[in-house]
Every structure is written in structure tokens, then in C-alpha cells.
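One-letter residues, chain by chain:
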Amino acid sequence: MDLEIDSWIVDALIMLLHQGIYVAVVTAAGYPGKPERYSARFRGLLEKMKESRIPKEITDRFLVVGGECNYLFKIKEGYEMYQVDSEEWANEQMKSWQDDEIKALLDVAEKALKDACYRMRLDVQYLRKARAVGCFPTKAENRIAYEALEDVALTVQDKIMTSKQTVKVPFCAFNGNRDVWVDVGDKRIGIEALQEYLGVKNNETCHLGDRFTNTGNDMRARDVAMTVWVTSPSETEDYLELFLRELGKKETVACAEARPKGPKQGTLEWQKAQVQNHSCSPVPKVHLPLALSVGTSQIACCIKGYRVVAVG
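Residues numbered from 1 in each chain as written. Predicted model: local features only at pLDDT ≥ 70, side-chain atom pairs only at ≥ 80, totals over all residues. Heavy atoms only, no water.

Caption draft 1: Local environment of the sheet that holds strand E5 (residues 124-128). Pairing is antiparallel across the open sheet formed by four strands, whose spatial order is E5-E6-E8-E7. Each of the sheet's edge strands pairs with one partner strand only, and the pair in question is E5 and strand E7 (171-175). Averaged over all pairs of adjacent strands, the angle between strand axes in this sheet comes to 15°, irrespective of strand direction. Seen against the sheet, helix H8 (residues 146-161) touches E7 and strand E8 (180-184) and runs at an angle of roughly 160° to E7. (Pairing = 2+ DSSP bridges. Helix = DSSP H or I, 4+ residues; strand = E, 2+ residues; numbered from the N terminus. Axes fitted to C-alpha atoms, helices over the stretch in contact; angles between N-to-C directions. Contact = heavy atoms within 4.5 Å.)

Right under this line is the structure:
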């Protein structure tokens, strides 16, 4: 979802940046050499920063990790995104991956994808990138059943792990809800590299993600960060509001209070609300727990101790 300049989440992210917290968007979307793709995706945030003349020491705290862990983008002068040279931020594990090893992984993954989709007679097309290969519907308006995508993702995972051709490079094969992708590396590696680059510890990092299942690409983040499992953009906003309140400063609480109540007019959530409540009264505020247990991690709502908030 692209960020709009007038959305509350833009104000919330900028407020977190002002508090000395790094905000990193860790995404499967990988556009090497095309920072303008990320500039378009975060146009509202960048325009708000430019309008408010946010200084470089603040904008430097916003980062985007693309392709799970393969590319890093930051904001340059003029409030546009640029790609950071891998030698500047990649960790030793990432630097050890050889081109022939990456090719071997993607060869196995591509064949496994095609075999699985053929077996299930799915109408898909394939795309191979420098560090990823995936499949998606031939027609953009078509959707593939979630269960079919799960089957493909699980099959591909199994084929790669049991391949006679030794795969030396870590990978992430996941169901993206509309497609299935296999990426070189995973979000654990991406977050770990960020932590080394920024000088931040595991217990100072909180990762918000929506795909923590075995076929999701957020699961490995639990190894290196505290995690929160969200299921929608509105839940992400719930936790950003909570973080701002927990900081306890006048300006952060005011930002939290400014969050619009109820779904935005015209959205699917808004349409559902009209059916459920003909009086169009505001949606009741969600009461968030003081602690959330996800897997082996427990999230105590004490944002004062966080230095990185990673959104996947």
C-alpha cells in the first residue's frame, strides 16, 4: 500500500524518526538499481518530509531493505530514495555468497515452481530476477486460491531442501497471498545486517509483520528481533499509536491522539461499517494488550527501549 501525504501513518512515522528511532521497511519487493520504484511507493512520506524540511539527520533514520535482505535504500538530498552500495552495509555472510551458488539455488527453485504449477494446472507466468524467481497469475485480475499457493510454496521449499544439487545459499520460499516467490536470503539476514550497520541490538528491535507462518516471509525475523503479528494496515496503525503513547512525551501523545477514529471513507472497511452500523457512528477504539506473546518472544510495550522498528 502506497503512503499518502495526508495519512496519519506518515505523521506517526515522522514522529518516531524525530524520537531517535530508526524505521526500516523490510520487504520482499526487490528493485535493484531502481530507487525510483521505492520513491513512488513512499511518495507521501517523502513529500511530507520535503514540505516540512526534515533535516538529514532525521531522514537518515528511514531505511528500506528490498528483496528480503539484498538491497538497501535510504533518502538522499532532494527527498528521493537512493541505493546504498552493498559493500557499505552487507554483512560477512551476505558477502560470501557466490554468483554460481545463487544461480544454482534459483535454477532449482525455478524448476520446482514450474513443476508445482504444472501439476496443479495453474494459469501463471514466471519472472526471474537477479536474486529471486516467482510466479503470479497470467491475468492481473485473476486470483489463485490461497490453498493452491500454500501447496506450491510448501512443495518448492521441500524440493529445494531435498535437491540432489547442493544449495549453499539461504533462501525464503513464501506465499505472497497473490503469488509465490523464492528469494535469496531472508528477513532474518536483512534485519541482522541492519542491526550491524546501525549498531543496534536484537532486544532494541521490534519487527511488525503479517506472514509468520511456515510459508510466510516474516517467520525468521523472530530469531533476531521482538515481533508483533499484525493482520492488516489498521492493526499496524494500532501498534504505532501504542508506541507513541508509551513514549509518554507531550508531542508523541498528541500525535497518537490525532489518529482518525474509524475507517477512511471510501475504503472497504468503511463500506463494511455502513452495512454494520447505519448510524455511521465511529468505530470503537481497539483496546490493546499491555503485552503480546508471539512464538518464543514476548513484546512488552515499552517503546522507550526500542531503537529500530522494522515493518515487514
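Caption draft 2: Here's a closer look at the environment of tyrosine 22. Position of tyrosine 22 relative to the elements: it lies in strand E1 (residues 22-26). The spatial distance from the C-alpha of tyrosine 22 to the C-alpha of leucine 63 is 7.7 Å, given a sequence separation of 41 residues.

Caption draft 3: How the structure looks around the environment of aspartate 107. With respect to the helices and strands, the residue aspartate 107 is situated in helix H7 (residues 99-119). For the pair aspartate 107 and isoleucine 160, spaced 53 residues apart in sequence, the C-alpha separation works out to 9.8 Å. Among the polar contacts listed, one links the side chain of aspartate 107 to the side chain of arginine 128, at a separation of 2.8 Å. (Polar contact = N/O pair within 3.5 Å; in protein donor to acceptor, adjacent residues only side chain to side chain.)

Caption draft 4: Highlighting unusual backbone geometry. Positive phi, close to 70°, is recorded for glutamate 68, a residue that is not glycine. Exposure remark for glutamate 68: the relative accessible area of 0% places this residue in the buried category. Positive phi values are uncommon outside glycine, yet arginine 121 reaches one of about 55°. Along the chain, arginine 121 falls in the loop between H7 and E5. (Buried < 20%, exposed > 50% of the residue type's maximum accessible area, 1.4 Å probe, protein only.)

Caption draft 5: Geometry of the pattern of salt bridges. Taken as a whole and assessed by the stated rule, the structure comprises 20 salt bridges. Between arginine 220 and aspartate 186 there is a salt bridge whose closest N-O contact spans 3.4 Å. Residue arginine 220 is found in the loop between strand E9 (205-209) and strand E10 (226-229), and its partner aspartate 186 is found in the loop between E8 and helix H9 (187-198); the two are separated by 34 residues along the sequence. Classification of aspartate 186 by relative accessible area gives buried; the value is 2%. A salt bridge links arginine 245 to glutamate 241, with the shortest nitrogen-to-oxygen separation between them at 3.0 Å. You can see arginine 245 and its partner glutamate 241 sitting in helix H10 (residues 233-247), four residues apart, about one turn around the helix. Residue glutamate 241 is classed as buried on the basis of its relative accessible area, which comes to 5%. When salt bridges that share partners are traced, they join Glu237, Asp238, Glu241, Arg245, Glu257 and Arg259 into one network. (Salt bridge = Lys/Arg side-chain N within 4 Å of Asp/Glu carboxyl O.)

Caption draft 6: View of the packing of H7 against H8. The interhelical angle for the contact between H7 and H8, taken along N-to-C directions, is 140°, at an axis separation of 9 Å. Taken as axis vectors, H7 and H8 run oblique relative to one another. Of the two possible hands of crossing, H7 and H8 adopt the one that is right-handed. Contacts between H7 and H8 involve Leu105, Val108, Ala109, Ala112, Leu113, Ala116, Cys117 and Arg119 from the first element and Asp151, Val152, Thr155, Val156, Lys159 and Ile160 from the second. Among the residues making up the contact of H7 with H8, the classes are represented as 10 nonpolar, one polar and three charged. (Parallel < 35°, antiparallel > 145°, perpendicular 65-115°, else oblique. Left-handed = near helix turned anticlockwise from the far one by under 90°. Nonpolar A, V, L, I, M, F, W, Y, C, P; charged D, E, K, R; others polar.)

Caption draft 7: Inspection of H9 at higher detail. A rise of 1.5 Å per residue sets the reference length of H9, with its 12 residues, at 16 Å; its end C-alpha atoms lie 16 Å apart and thus fit the reference within 8%. With nine of 12 residues buried, H9 lies mostly within the body of the structure. Every buried residue of H9 is accounted for by Lys187, Arg188, Ile189, Gly190, Ile191, Ala193, Leu194, Gln195 and Leu198. Put simply, aspartate 186 is the residue that caps the front of H9, since its side-chain oxygen is 3.1 Å from the backbone nitrogen of arginine 188. (Expected span 1.5 Å × (residues − 1).)

Interpretation in functional terms is not warranted from these geometric data alone.
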